[in-house]
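Here is how the chains run, residue by residue.
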Amino acid sequence: MREQSKEPSSKQGENRKALPKFALTMAGSLLAGGVLGFFIGLSHIFGLESAALAEGLSALLEAITPWGIPVTSALTLGACFFLYHAAARRFAAWNGGDEDETSESIDILLSWVLLFSAVQLLLNLFFLAAFCIYYLDGELSALVTVGVFLVSCGLVVFIQQKTIDLERQMNPEKHGSVYDTKFQKKWLDSCDESERRQIGEASRRAYMATNRLCLGLWLALVVLSMVFELSLLPVFVLLLVWGTMQVTYTLACIRISKGK
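Structure report, in brief. (Residues numbered from 1 in each chain as written. Predicted model: local features only at pLDDT ≥ 70, side-chain atom pairs only at ≥ 80, totals over all residues. Heavy atoms only, no water.)

The subject of this paragraph is the overall build of the protein chain. Along its length, the protein chain carries seven helices and zero strands. The order of helices and strands in the protein chain, counted from the N terminus, is α-α-α-α-α-α-α. For the protein chain, the residues scored as buried account for 23% of the 260 residues in total. In the protein chain, the share of contacts with a sequence separation of at least 24, taken over all contacts with a separation of at least 6, comes to 64%. Only carbon and sulfur atoms are counted for the fraction: they give 68% of the accessible area of the protein chain, which is about 18,600 Å². (Helix = DSSP H or I, 4+ residues; strand = E, 2+ residues; numbered from the N terminus. Buried < 20%, exposed > 50% of the residue type's maximum accessible area, 1.4 Å probe, protein only. Contact = heavy atoms within 4.5 Å. Areas by Shrake-Rupley, 256 points an atom, 1.4 Å probe, with all protein chains shown as cover.)

See the structure below:
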């Protein structure tokens, strides 16, 4: 009975402890919004033309779009191949013993390869979409851009598969191929408990970071709508992605709890 009586009081104590920090966060957000609104008001008073600023940003993006995929591919994929060969050299010199530092250094290099290749894939999608907006009328330029896009994406998949193959050589118990649509499931099934805990912790951090990013983007879109003529479509797409993540996460927790 005593333990049951202490439990509500401890929960109330945690709430009281967290409440000041929450209140300060909300007050800071309101203050930041007020400051932004003040400067936006000043910009209207002094005649800052938001349309001219938007046209300038659009012109800048239009100028760099044709070179976006080849330049970023040369940088990121060049770094990927350099890091992969560095990891391959360390693996070739490794005798497969219990040298944790050597294996961890190889894993870190391969993780950077996967990160840079994933970033390049996103850049490819972005610049291809920008090209469709600005340069879709030119048939020859469209063919060239699509060809460069396909080559870059092919190199991304190639370096990712080489990375997975090297990881499988280090850990023969691992299974999966990047070309397989069920790669992630097969790879997760071949991981041990320690690796699954690491994946779970990384997923939790990614979930929290995405929540903060979506909130920040929503706030940025609201503020930008005071300066530029924005439709509700960007906000709708953002909330659709955010809501899909929230609903999927909650439903997955329910299914997992039922499975247990």
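Its boundaries defined by the atoms lining it, the largest pocket holds a volume of some 1,600 Å³. What lines the largest pocket is a set of 38 residues, among which Trp187, Leu188, Cys191, Glu195 and Ile199 lie closest to the centre. Those elements that place two or more of their residues in the lining of the largest pocket are α3 (100-134), α4 (139-170), α5 (183-189), α6 (193-224) and α7 (233-259). Looking at the lining of the largest pocket residue by residue, the classes come out as 20 nonpolar, 10 polar and eight charged. (1 Å grid on protein atoms, 1.4 Å probe; cavity = no way out; pocket = protein on both sides within 12 Å on 5 of 7 lines; lining within 4 Å. Points joined across faces, edges and corners; volume = space filled by probe spheres on them. Nonpolar A, V, L, I, M, F, W, Y, C, P; charged D, E, K, R; others polar.)

Once that is clear, we can look at the pattern of salt bridges. Taken as a whole, this structure holds five salt bridges when the rule is applied. In this structure, lysine 174 engages glutamate 173 in a salt bridge whose closest nitrogen and oxygen atoms are separated by 3.7 Å. Given a relative accessible area of 2%, lysine 174 falls into the buried group. Given a relative accessible area of 41%, glutamate 173 falls into the partly exposed group. Between lysine 174 and glutamate 195 there is a salt bridge whose closest N-O contact spans 2.8 Å. Placement of lysine 174 in the loop between α4 and α5 and of glutamate 195 in helix α6 is noted, with a sequence separation of 21 residues between them. Relative accessible area serves as the criterion here: at 22%, glutamate 195 is assigned to the partly exposed category. One connected set of salt bridges, linked through shared partners, spans Glu173, Lys174 and Glu195. (Salt bridge = Lys/Arg side-chain N within 4 Å of Asp/Glu carboxyl O.)

Moving on, we come to the nonpolar core. Judged by nonpolar contacts, the single largest core of 16 residues is most densely connected at Tyr84, Ala87, Phe91, Ile106, Leu110, Val113 and Leu166. When residues of this core are traced back to their parent elements, those giving at least two are α2 (50-93), α3 and α4. The next biggest cluster of nonpolar side chains, apart from the first, holds seven residues, and it includes Tyr207, Cys214, Leu221 and Val235. (Core = buried A, V, L, I, M, F, W, Y, C linked by side-chain atoms within 4.5 Å.)

Below, the discussion takes up α6. Relative to the 46 Å expected for 32 residues at 1.5 Å per residue, α6 spans 46 Å between its end C-alpha atoms, a close match to the ideal helical length. The opening residue of α6, the one whose side-chain oxygen lies 3.4 Å from the backbone nitrogen of serine 194, is aspartate 192. (Expected span 1.5 Å × (residues − 1). Polar contact = N/O pair within 3.5 Å; in protein donor to acceptor, adjacent residues only side chain to side chain.)

Moving on to the packing of aromatic side chains. All told, the structure shown has five aromatic pairs when counted by the stated rule. With 5.6 Å between their ring centres and 35° between their planes, tryptophan 112 and phenylalanine 116 make a pair best called tilted. Taken together, the residues span about one helical turn, with tryptophan 112 and phenylalanine 116 both in helix α3 at a distance of four residues. Residue classification places phenylalanine 116 among the partly exposed residues on the basis of a relative accessible area of 27%. (Phe/Tyr/Trp six-rings, centres within 6.5 Å; stacked < 30°, edge-to-face > 60°.)

In this section: a nonpolar patch on the surface. A contiguous nonpolar patch, built from Leu233, Phe236, Val237, Leu240 and Val241 and spanning about 490 Å² of accessible area, is present on the exposed surface. Here leucine 240 lies in helix α7. (Patch = residues over 30% accessible without salt bridge, like charges linked within 9 Å, V, L, I, M, F, W, Y side chains within 5 Å.)

Next up on the list: the side chain of serine 117. Along the chain, serine 117 falls in helix α3. Taking the relative accessible area as the measure of exposure, serine 117 reaches 0% and is therefore buried. If we ignore the near neighbours within four places in the chain, the residues touching serine 117 are Cys80, Val156, Ile159 and Gln160.

Within the element layout of this structure, glutamine 160 appears in helix α4. Owing to a relative accessible area of 18%, glutamine 160 belongs among the buried residues under this scheme. In terms of polar contacts, glutamine 160 uses its side chain to reach the side chain of serine 117, at 3.1 Å. Among all residues touching glutamine 160, those that are not within four sequence positions of it are Leu114, Ser117, Ala118 and Val178.

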